[in-house]
Amino acid sequence: MNVLSSLALGFLAGLLGVIPFASINLAVAFFGRLPAVFSSSVFFAAMAASHAAVELAPAVLLAWPSQSGLLSYPARLLGRGGAAGVFRFIAEHALVGLVAAALVLPVYLFAAPGFEALLSHYSGWLLLAVVAVFLLRERTLAGALVGAFAFAACGLLGALVFISGVREPLFPLLAGLFGVPAVLALSAGEVRPVAGGFRLKLALLGVLLGAVGNLVPAVTPALLACLAFLFLEEKPEEFLALNASIIFSRLLFDLAGSMVLMPPRSVSSVAAASSVVAADFWGALAVGAVVVVSAALALCLSTVLFSRLEALSKLFFKPGLRAVVLAIVACGVLAISGWLGLLVFAVSASFGLCLSIGRARQSYAAGSLVVPSLLHFFGFSFAFFSVLF
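Read on for an overview of the structure. Quantities reported herein were computed from a predicted structural model and do not represent experimental measurements.

**What about the overall build of the protein chain?**
Part 1: Each helix and strand counted, the protein chain has 16 helices and 0 strands in total.
Part 2: In the protein chain, which comprises 389 residues, the proportion classed as buried is 56%.
Part 3: Sequence separation of 24 or more characterises 81% of the internal contacts of the protein chain that already satisfy a separation of 6 or more.
Part 4: Approximately 15900 Å² of the protein chain is accessible, and the part contributed by carbon and sulfur atoms is 73%.

Here's what the structure looks like:
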């Protein structure tokens, strides 16, 4: 099969991401069982790119985090009567971040191996410093202590979830911590249209963070999103701009890097790398081009189609339908993660609601990913690493 055919098939396969709960992991597992026509690196790269783009639609529409790493909490608060505007804002920054990452990809492929060991050695201390700066932003000692307790409690929850053996643990964990409070806040009067204006500096910063994050084990897009949310919770537009750029730049670096035998950081890059027998710089650039083309087409297509769902998005702001949204998410959790996942979802939702009701920072919930990562970096726990790339 030629490259164009593989790209087209992968692009079409990735469009299944518009179906709620159809994660990229499930797609890779399904197509990986099919004949060799579906097992090329180009196919998996194109599928991962288009999937990451179209899965943003249900994430914004129904207020749950996407597997690609978008935390939907601020997106939904910006969505009253303007969900299409929110999606377009996200798509614009994702596309610019993707193109910027493609421009620096050749330099990245040459330079990354030399920085990988250095970053891995100091990443734990850098992460700890970020957490310390975040907690010390509280104006009072009591506020800092309460914040540290909430952050640690969410961290303990995350650590327990990762060693519990639940399937797809990030989905029930983050949907409970961030998605449920977002859904229940729909009629709280806090929703406003997205403020216009492109944030170029944040888009470029997202590329840098995506590049660095791809060099460090256990630093997922979701973790990077949580770190950004620590400091940008009160600036939703800035958070969305940065998060969107991180997601797609890291996707490009991950898939292209796996072609030159850099450690793959996702299920899709593992699948793509399985067809590589030797490091190939030009092959990595070709895969990078595939990612850019597939993701750009999917983002443009999704933006056009999402505008048609504007009326549907407004329905979810009606109080009577909030229970319906929560029921849909709960059924999806049960289907993907089983009964244990449903328990994780319920407990995580209770943690998220406690933060919301107590008027605490929702960003304390980021401890659910940050604390397990700190445990890993400092050698206290390796069990959760089996589910984080």
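**Details of the packing of helix H11 (residues 236–257) against helix H13 (residues 281–306)**
Part 1: Contact geometry of H11 with H13 gives a least axis separation of 8 Å together with a crossing angle of 150°. It follows from the interaxial angle that H11 and H13 lie roughly antiparallel. Two packed elements cross with a definite hand, and for H11 against H13 that hand is right-handed. On H13, the residues that touch Phe248, Leu251, Leu252, Leu255 and Ala256 of H11 are Ala284, Val287, Gly288, Val291, Val292, Ala295 and Leu299.

**Overview of a nonpolar patch on the surface**
Part 1: On the surface, Phe115, Leu118, Tyr122, Trp125, Leu126 and Leu128 cluster together into a nonpolar patch covering about 650 Å² of accessible area.
Part 2: Relative to the assigned elements, Leu118 resides in helix H6 (residues 83–135).
Part 3: Residue classification places Leu118 among the partly exposed positions, given a relative accessible area of 46%.

**Some words on helix H8 (residues 170–184)**
Part 1: In this model H8 runs 20 Å from its N-terminal to its C-terminal C-alpha over 15 residues, within 8% of the 21 Å that 1.5 Å per residue would give.
Part 2: Maximal helix bending in H8 amounts to about 40°, located at Gly176.
Part 3: Within H8, 13 of the 15 residues are buried, which leaves the element mostly enclosed by the surrounding structure.

**As for the packing of aromatic side chains**
Part 1: This structure, assessed with the given rule, holds 7 aromatic pairs.
Part 2: For the ring pair Phe134 and Phe151, a centre distance of 6.2 Å and an interplane angle of 45° mean the geometry is tilted. Of this pair, Phe134 sits in helix H6 while Phe151 is found in helix H7 (residues 141–162), placing the two residues 17 residues apart along the sequence. Phe151 carries the same exposure label as Phe134, and that label is buried.
Part 3: Plain terms: the ring middles of Phe134 and Phe231 are 6.1 Å apart, the flat faces sit at 80° to each other, and that makes the pair edge-to-face. With Phe134 in helix H6 and Phe231 in helix H10 (residues 221–232), this residue pair connects regions lying 97 residues apart in the sequence.
Part 4: Residue classification places Phe134 among the buried residues on the basis of a relative accessible area of 2%.
Part 5: Chaining the aromatic ring pairs together yields one cluster made of Phe134, Phe151, Phe231 and Tyr364.

Each value, and the rule that gives it
- Residues numbered from 1 in each chain as written.
- Predicted model: local features only at pLDDT ≥ 70, side-chain atom pairs only at ≥ 80, totals over all residues.
- Heavy atoms only, no water.
- Helix = DSSP H or I, 4+ residues; strand = E, 2+ residues; numbered from the N terminus.
- Buried < 20%, exposed > 50% of the residue type's maximum accessible area, 1.4 Å probe, protein only.
- Contact = heavy atoms within 4.5 Å.
- Areas by Shrake-Rupley, 256 points an atom, 1.4 Å probe, with all protein chains shown as cover.
- Axes fitted to C-alpha atoms, helices over the stretch in contact; angles between N-to-C directions.
- Parallel < 35°, antiparallel > 145°, perpendicular 65-115°, else oblique.
- Left-handed = near helix turned anticlockwise from the far one by under 90°.
- Patch = residues over 30% accessible without salt bridge, like charges linked within 9 Å, V, L, I, M, F, W, Y side chains within 5 Å.
- Salt bridge = Lys/Arg side-chain N within 4 Å of Asp/Glu carboxyl O.
- Expected span 1.5 Å × (residues − 1).
- Bend = angle between axes of the 7 residues up to and from the residue.
- Phe/Tyr/Trp six-rings, centres within 6.5 Å; stacked < 30°, edge-to-face > 60°.

That's the geometry; what it means functionally is another story.
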